[in-house]
Amino acid sequence: NSATLPTDLTAAFSALQRPATAADAVPANVDAAMSGSGVNVSDSRLALSTSGASLWIVPGLASTCMVTQMAGGTSSMCTTNASAETKGLVTGIFDRNQNAAGQEWAGILPTGVTNVLAQNAGSTLPVSISSDGGFMQPVTAPQTLSFTDPGGAQVSLPVTPAPLASLTAGTPTCSSN
């Protein structure tokens, strides 16, 4: 249960600080795919639910994953807890129609992050995050996501889009951000 999660990880994400609700349960295909991966799907929390897209944070003792579910499929990305606590969980994905020209960034950022901006060659767009730190941001020709961390340091992350693919039973695809 969440009482066994690392204290620093729980402190870093507001979604992990609240009691679980029925909406926090990940879809069955995700539960099966993440079995044995080192994360605990029973501790998952829904960080964002918008029209046609949902993001969950799935914590573990050493690593944490973000699951993204959209009409085109479900994907996951994982990173170490230390990285998640400072950089959050951020990934780029092709848009809901699998169009490489249209892309979206999905992420769950640590509590207290401010000034979240999506940047490309021609513009900088402010990013709205949910009360649980989740966001989906459509972008064209994405380059970086930047934010100010709770300690006041500027963080800039390159984001490379990947195709949205369905999870199958076995180890989820994990990448570091």
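Residues numbered from 1 in each chain as written. Predicted model: local features only at pLDDT ≥ 70, side-chain atom pairs only at ≥ 80, totals over all residues. Heavy atoms only, no water.

Peer 1: Before we go on, may I ask you to explain the overall build of the protein in this structure?
Peer 2: In terms of regular secondary structure, the protein is built from three helices and 12 strands. Per-residue burial for the protein yields a buried fraction of 50% across its 177 residues. When the accessible surface of the protein is split by element, carbon and sulfur atoms take 55% of a total near 7700 Å². (Helix = DSSP H or I, 4+ residues; strand = E, 2+ residues; numbered from the N terminus. Buried < 20%, exposed > 50% of the residue type's maximum accessible area, 1.4 Å probe, protein only. Areas by Shrake-Rupley, 256 points an atom, 1.4 Å probe, with all protein chains shown as cover.)

Peer 1: Honestly, the pairing of strand S7 (residues 114-120) in this entry has me stumped. Any pointers?
Peer 2: Put simply, side chains in a regular strand alternate between the two faces of the sheet. The pairing of S7 with strand S8 (residues 124-126) spans three bridges and is antiparallel. Across the sheet, residue Leu-117 finds its bridge partner in S8, namely Pro-126. Hairpin geometry of S7 and S8 is characterised by an intervening segment of three residues between the two adjacent antiparallel strands. (Pairing = 2+ DSSP bridges.)

Peer 1: Just checking my understanding: could you explain the environment of Leu-55 for this structure?
Peer 2: Considering the arrangement of structural elements, one finds Leu-55 in strand S2 (residues 53-58). Between the C-alpha atom of Leu-55 and that of Gly-107, which follows or precedes it by 52 residues, the distance is 7.7 Å.

Peer 1: Mind showing me how you'd approach the nonpolar core here?
Peer 2: A general feature of soluble globular proteins is that nonpolar side chains tend to end up buried together. In this structure, Phe-13, Leu-55, Ile-57, Met-66, Leu-89, Ile-108 and Met-136 are the most contacted members of the largest nonpolar core, which totals 19 residues. Those elements that provide at least two residues to this core are helix H1 (7-12), strand S1 (45-50), S2, strand S3 (63-70), strand S5 (89-94) and strand S6 (103-108). Ranked by the residues each element gives to this core, the list is headed by S2, at three residues. With 14 residues, the next largest nonpolar core counts Trp-105, Leu-109, Val-127 and Val-139 among its residues. (Core = buried A, V, L, I, M, F, W, Y, C linked by side-chain atoms within 4.5 Å.)

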